[in-house]
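Next come the chains, spelled out residue by residue.
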Amino acid sequence: LGVAIDYVSAIGMDRIREHEASLTRKALAMAAEMKDLTLYGPRDVSVRGGVITFNFAEIHPHDLATILDEQDRVCVRAGHHCAMPLTQKLGVAAPARASFYLYNNEEEVDLLMTMATEAAIAIENAKMLHSLKSQQLRVEQLLAQTVRAQEEERKRISVELHDSVAQWLVGASYRVQSCQMLLS
């Protein structure tokens, strides 16, 4: 512990705080520009730590965290973050959280935001694909119903046509018989 205290003291707590604030400011600015992203907490970095808490609309933060970790080893936390009463009050199931400190740099903030955006797009694309498959299945069901209905209508018309032709033939047969009787 003493070595750790010596290390941060040598750097300077003010320098560490400014670095953390700079990364947080950049992350907040980038996040504010992202579509369907909700940020939690104050935007003023002077009253917040080096953490951003966020959610993408309709994307579970655990899914986002898994994708980020698997793709580029970007690590965010997902869950209640020991603040379940607050998340319940906000009506949030479980937000994602990224933390910045001395060992992070601007390139990592860029990577986080780029990968978060790409993960959100991938998840939305997967949802759209699922929706399209569901719609395709419904169209196929409707098409099958239509084909069955057309076949039934064709059979009905065929029976009616058969009956009409049969009635016409019977009528024609009577007319022929009547004509033959008149001629005999």
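Small disclaimer: the values here were computed from a predicted structure and weren't measured.

**Quick notes on the overall build of the protein**
Alright, step 1. The secondary structure content of the protein amounts to five helices and four strands.
Alright, step 2. When the elements of the protein are put in sequence order from the N terminus, they spell out α-α-β-β-α-β-α-β-α.
Alright, step 3. Its C-alpha atoms give the protein a radius of gyration of 36 Å, more than 25% over the compact-globule value 16 Å for 184 residues.
Alright, step 4. Referenced to the eigenvectors of the C-alpha coordinate spread, the extents of the protein come out at roughly 135 × 35 × 25 Å.
Alright, step 5. Per-residue burial for the protein yields a buried fraction of 27% across its 184 residues.
Alright, step 6. Partitioning the intrachain contacts of the protein with sequence separation of at least 6 by distance along the chain shows that 63% fall at a separation of at least 24.
Alright, step 7. As displayed, the protein offers around 13,000 Å² of accessible surface, 59% of which is attributable to carbon and sulfur atoms.
Alright, step 8. Positive and negative side-chain charges of the protein, numbering 19 and 24 respectively, have mean locations separated by a distance of 7 Å.

**Some remarks on the pattern of salt bridges**
Alright, step 1. For the coordinates displayed, the defined rule picks out seven salt bridges.
Alright, step 2. What emerges from the salt-bridge pattern is a single network uniting K26, E106 and D110.

**Quick word on the nonpolar core**
Looking at soluble globular proteins, one finds that nonpolar side chains tend to be buried together.
Alright, step 1. I52, F54, F56, L64, L68, F100 and L112 are the most contacted members of the largest nonpolar core, which totals 30 residues.
Alright, step 2. Listing elements by their share of this core, those giving two or more residues are α2 (13–32), β1 (37–40), β2 (51–56), α3 (61–72), β4 (96–99) and α5 (106–183).
Alright, step 3. Considering every element that reaches this core, the biggest residue donor is α5, with eight residues.
Alright, step 4. Residues within four places of L112 in sequence aside, it is in contact with L68, V74, V76, A98 and F100.

**Let's talk about a nonpolar patch on the surface**
Alright, step 1. On the surface, I157, L161, V165, W168 and L169 cluster together to form a nonpolar patch covering roughly 510 Å² of accessible area.
Alright, step 2. By secondary structure assignment, the location of L169 is in helix α5.

**Quick word on the packing of α2 against α5**
Alright, step 1. Where α2 meets α5, the closest approach of the two axes is 10 Å, and the angle between their N-to-C directions is 25°. Considering the angle they form, α2 stands roughly parallel to α5. Every pair of crossing elements has a handedness; the one defined by α2 and α5 is right-handed. Between α2, through S22, L23, K26, A27, M30 and A31, and α5, the contact on the second element is made entirely by E106, V109, D110 and M113.
Alright, step 2. Tallied by class, residues from the contact of α2 with α5 come to six nonpolar, one polar and three charged.

About the cut-offs
Residues numbered from 1 in each chain as written. Predicted model: local features only at pLDDT ≥ 70, side-chain atom pairs only at ≥ 80, totals over all residues. Heavy atoms only, no water. Helix = DSSP H or I, 4+ residues; strand = E, 2+ residues; numbered from the N terminus. Rg over C-alpha atoms; globule rule 2.2 N^0.38 Å. Buried < 20%, exposed > 50% of the residue type's maximum accessible area, 1.4 Å probe, protein only. Contact = heavy atoms within 4.5 Å. Areas by Shrake-Rupley, 256 points an atom, 1.4 Å probe, with all protein chains shown as cover. Lys, Arg positive; Asp, Glu negative; His and termini not counted. Charge placed at Lys NZ, Arg CZ, Asp CG, Glu CD. Salt bridge = Lys/Arg side-chain N within 4 Å of Asp/Glu carboxyl O. Core = buried A, V, L, I, M, F, W, Y, C linked by side-chain atoms within 4.5 Å. Patch = residues over 30% accessible without salt bridge, like charges linked within 9 Å, V, L, I, M, F, W, Y side chains within 5 Å. Axes fitted to C-alpha atoms, helices over the stretch in contact; angles between N-to-C directions. Parallel < 35°, antiparallel > 145°, perpendicular 65-115°, else oblique. Left-handed = near helix turned anticlockwise from the far one by under 90°. Nonpolar A, V, L, I, M, F, W, Y, C, P; charged D, E, K, R; others polar.

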